[in-house]
Structures are given as C-alpha cells and as structure tokens.
Amino acid sequence: MTQCSQIRKEATEPTPLLQPRKTKFTAPKLLSQKKPILIGTWNVRTLWEAGKCAQAVKEMQQYHLTVLGLCETRWNTFGETKFQTGETLLYSGKENEDDPREAGVALLLTKEATKSLMEWDPVSDRIIKARFESRFQKTSIIMCYAPTNNADEDEKNRFYGQLQSVVDKVPKRDMLILMCDLNATVGKDNRGREMEMGINGLGEMNENGELFTNFCASNELTIGGTLFPHRNCHKATWISPDHSENQIDHVVVRRRWRASLQDVRTKRGADIGSDHYLVVAKLKMKLKAKKRQQEINPRRKFDVSKLKTQDNRTNCQVTLKIGLKLHRQKKKIWIQLNTPGKYLSKPLLKPTKRLQEVERPTGSPGSQMIHGRMWKKEKA
C-alpha cells in the first residue's frame, strides 16, 4: 500500500490493484444503535495539486467525519492510497493514466471505517461503491458525480443507466447511502413527490432535478437535504459565478432507513479552495420495534349495551340459568366473571373471541381447597 502525505504523484511506488476483501466477524461496525456517526460529501474541484490531500484529511479530522466522499478529484486509473495519519483513500478515475484529468471520485476513510470495509468497486470515473460491516445490517455507500445541466442528453442517460445498474446490485437489506454532486436542484415544491423529498429544499427544480427525483422514486430513495429545516446558508452547497446559492450536492438514503438519518447541512468553515461547501450528514441506525405477540386467551369483551332492553335482559337471565345448570352437572367452573356469556346467543351479546374454561382441578390438597372454595361460591 502506498504511503502518501501530499498527492498521488508524490508516491514512490505505484498503488497495487486490490481485490475485494472480507472483514472478520469481530471487525468494528460502521453504524450501530448506540453511537451516531458523521459522513460527508464534497466537490473539491481537484486533488491533483500539492497539499490538497493533506487539507482534505485535516478537514475530515476537524469535523470528525468517518467517511468523506470526494468528487472531481481528477485522479486517473483506480486504487487505494494510505496516508501517514492512518486514513485510506479509495479512488476511481479514467482507465488510462494519460487520459484527460476530468471528473474522478473517491472515498476517504478513517482507521475504523477501513477496518469495517468489506469490499469496494471502482465502477467508473463518476461512480465508486463501498460496502461496510455494520450492526444488524450492512451499509453500502455510493459516491457519484453527475454531468452538468448543460451536458448532452446521451451523456446523462448513460450516467443514470450506469448508476441504476450499480443500485440494482446492492442487496435490498442493506442500508443504502448515496452521496453525490448531481448538479441537480430539486427546490421546495414536493407536491406529488412527498416520498422522495421534503419541503426544505433550496431554489427551483431544474432539468437535472427532474431526472434525479424520478430516479429516487423508482428506487425508493429519499433526498436528505430537503427534510431538515435550516437557514438558507446551511442548505446551499455551491456558489455560482453570479453569486447565487444552489443546492446541488445531496445525501440520499433508502426510504426504509429514513429514520436513521438525523440531520443534513453544510459546513461553511471547511476550506479546500473549492466553490462547493462540505455537506455533512448525521446517521444513527434505528430499527423498528418488534410488536408484542398477543396473548393466547386474552380477556374478551361483550356488547352489554344491548342489555338495556327488557326482552334482552329476560333472555339473558334464562340463558344464564340454563348455562350454570349445565356447568354444575359437568362439574366445571369459570375463571372469568363474564365467561357464562358463552351460552348467550351470539346475536344478543356477540362475543368477539372464544372464551377460556378450565376443568375442576384434581391435584394437591392445597389446590383442591382453593378451588373448592371457588366452587362453593359459584354453586351458592
């Protein structure tokens, strides 16, 4: 593994091509129910400059991030780089080293996150995926960088088609987290899209925003940055050349794990020489409580309001006398006060469930004495 403190071109040895690896059973968990973690996504414009990697690591440590997704890194090929401070960088770029240095995505991991890493896949120069060991469920993180709003339609379709194929390969039980610079603004109007976004977005929806929301709807995803109320300065992720604020960097989670996402906002104090702000999400695994199993024979209720009429009361009295006489002959007792209602006609009181009865016990002398008193009381 390459030791690197500044940039990739300063490394003394080439980074080896790594195979997907599996963690041990005792490996640390990325997510749990006890302790929340912070993850981030950031368009850094470039990492192909002296000091940019060290600055990214410094900001990651300052904001206590466990995983930091980086896009537009401009590193070609793919591999893994380990820094002297212990962090690990997984990067994916164009296939050849001599290709133009454009796009590029990466995941910067802490020591703990590296230990919980199960496997990772450098899909392309715009998409990278990693899978982590977590408590109860595995966690899959996808970092992607979409074409701009002015790009060709074919390029956009190719990107979303490739992203769809990556999402389809993620197991349904995994907690799926999508961190991305999609160059898409979704706005505040969520009419017809209540399941995909909230009402706390910024700006107006553009063409990329429509593609993005349709993608979320087809994959049951929720856009986290539109769910939490913040000031506009904490929603904006990019300052355009005309000094307008836009929300184009997003953190997206699978809909079933929406409750595990606690907050999403930008950190304007992070600096790496980019016109994009760092977007930080707070996550804590939350599972649905298991419902208690119903009792085998719970106490039943009867519609006693029908006893207000004289005819029903008369029928009830006659039926109760007959029922008690039959029980005395069969030497049975009731353990519930309202159980004689078993012999009432169903149209009268309509018991909702079967009633519970017990044979007269023939056990120890103590139990016979206790139940004998109950029997005498019932007989009287």
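Up top is the structure these notes are about.
### Concerning the sheet that holds strand S14 (residues 249–254)
Then, in step 1: The strand order across the open sheet formed by six strands is S7-S8-S9-S10-S14-S11, and the pairing between neighbours is mixed. Because the sheet does not close on itself, it has two edges, and the strands there are strand S7 (117–122) and strand S11 (221–223). Shown here is a sheet whose adjacent strand axes are inclined to one another by a mean of 20°, direction ignored.
Then, in step 2: Both S11 and S14 contribute to a ladder of three bridges, which runs antiparallel. Paired with Thr222 across the strands is Val253, a residue of S14.

### Points about the side chain of Asn190
Then, in step 1: Considering the arrangement of structural elements, one finds Asn190 in the loop between strand S10 (175–181) and helix H4 (207–219).
Then, in step 2: Here the side chain of Asn190 touches Met197 through a polar contact of 3.4 Å, landing on its backbone oxygen.
Then, in step 3: Excluding anything up to four places from it in sequence, Asn190 contacts Met197, Gly198 and Ile199.

### Considering helix H3 (residues 153–169)
Then, in step 1: In this model H3 runs 25 Å from its N-terminal to its C-terminal C-alpha over 17 residues, within 8% of the 24 Å that 1.5 Å per residue would give.
Then, in step 2: Residues of H3 that are buried include every one of Lys156, Phe159, Tyr160, Leu163, Val166 and Val167, and no others. Mapping the buried residues of H3 onto a view down its axis gives an arc of 120°, with all of them on the same face. Looking at H3, the residues exposed on the side facing more than 90 degrees away from the buried face are Asp154, Arg158 and Lys169.
Then, in step 3: Buried positions along H3 lie against strand S8 (127–132), strand S9 (139–145), S10 and H4.

### What to know about the packing of H3 against H4
Then, in step 1: Contact pair H3 / H4: the axes reach a minimum separation of 12 Å and the direction vectors enclose 20°. Between H3 and H4, the crossing angle belongs to the class labelled roughly parallel. Our pair here, H3 against H4, has a crossing hand that is right-handed. Each of Glu153, Lys156, Tyr160, Leu163, Gln164, Val167 and Asp168 in H3 lies in contact with H4, whose residues at this interface are Glu207, Asn208, Leu211, Phe212, Phe215, Ser218 and Asn219.
Then, in step 2: In terms of residue class, the contact of H3 with H4 is built from six nonpolar, four polar and four charged.

### Remarks on the pattern of salt bridges
Then, in step 1: Enumeration according to the criterion identifies 12 salt bridges in this entry.
Then, in step 2: Among the ionic pairs, Lys29 bridges to Glu133, the shortest N-O distance being 3.4 Å. Taken together, the residues Lys29 in the loop between strand S1 (2–4) and strand S2 (37–43) and Glu133 in the loop between S8 and S9 connect sequence positions 104 residues apart.
Then, in step 3: What makes Lys29 partly exposed here is its relative accessible area of 35%.
Then, in step 4: A salt bridge links Asp275 to Arg45; its shortest N-O distance comes to 2.9 Å. Of this pair, Asp275 sits in the loop between strand S15 (261–267) and strand S16 (278–283) while Arg45 is found in the loop between S2 and helix H1 (52–62), placing the two residues 230 residues apart along the sequence.
Then, in step 5: Accessibility expressed as a relative area gives 29% for Asp275, which makes it partly exposed.
Then, in step 6: For Arg45, a relative accessible area of 27% corresponds to the partly exposed category.
Then, in step 7: Residues joined by salt bridges that share partners form a network here, namely Arg45, Glu72, Arg74 and Asp275.

Rules behind the numbers
- Counting starts from 1 at the beginning of each chain's written sequence and moves along it residue by residue.
- Only residues with pLDDT of 70 or above have their local features reported here, since the model is predicted, and side-chain atom pairs are shown and tallied only from 80 upward, although totals for entire chains, interfaces and linings are computed over all residues.
- With hydrogens and water set aside, each side-chain value is computed from the structure's full complement of heavy atoms.
- Two strands form a pair only when DSSP identifies at least two bridges running between them.
- By definition, any uninterrupted DSSP run of H or I lasting at least four residues is a helix, any uninterrupted run of E lasting at least two residues is a strand, and each is numbered from the N terminus.
- A fitted line through C-alpha atoms serves as each axis, taken over the contacting stretch for helices, and the angle formed by two N-to-C directions is quoted from 0 to 180°.
- The definition of a polar contact used here is a pair of N or O atoms within 3.5 Å, where within protein one atom must be able to donate a hydrogen and the other to accept one, and adjacent residues in sequence count solely through side-chain atom pairs.
- In what follows, a contact means two residues having at least one pair of non-hydrogen atoms within 4.5 Å.
- Expected helix span is given by 1.5 Å per residue-to-residue step, counting one fewer step than there are residues.
- Type-normalised accessible area, obtained with a 1.4 Å probe on protein chains alone, sets the label of each residue: buried when under 20%, exposed when over 50%, and partly exposed for intermediate values.
- Starting at the helix axis, one direction is taken to each C-beta atom, and the arc is that of these directions.
- In this scheme, roughly parallel covers angles under 35 degrees and roughly antiparallel covers those over 145, while 65 to 115 is roughly perpendicular and the rest are oblique.
- Crossing handedness: left-handed means the near helix sits turned counterclockwise from the far one by under a right angle, and right-handed means the same turn made clockwise.
- Gly falls in the polar group here, along with every residue not listed as nonpolar (Ala, Val, Leu, Ile, Met, Phe, Trp, Tyr, Cys, Pro) or charged (Asp, Glu, Lys, Arg).
- When a carboxyl oxygen of Asp or Glu is within 4 Å of a side-chain nitrogen of Lys or Arg, the pair counts as a salt bridge.

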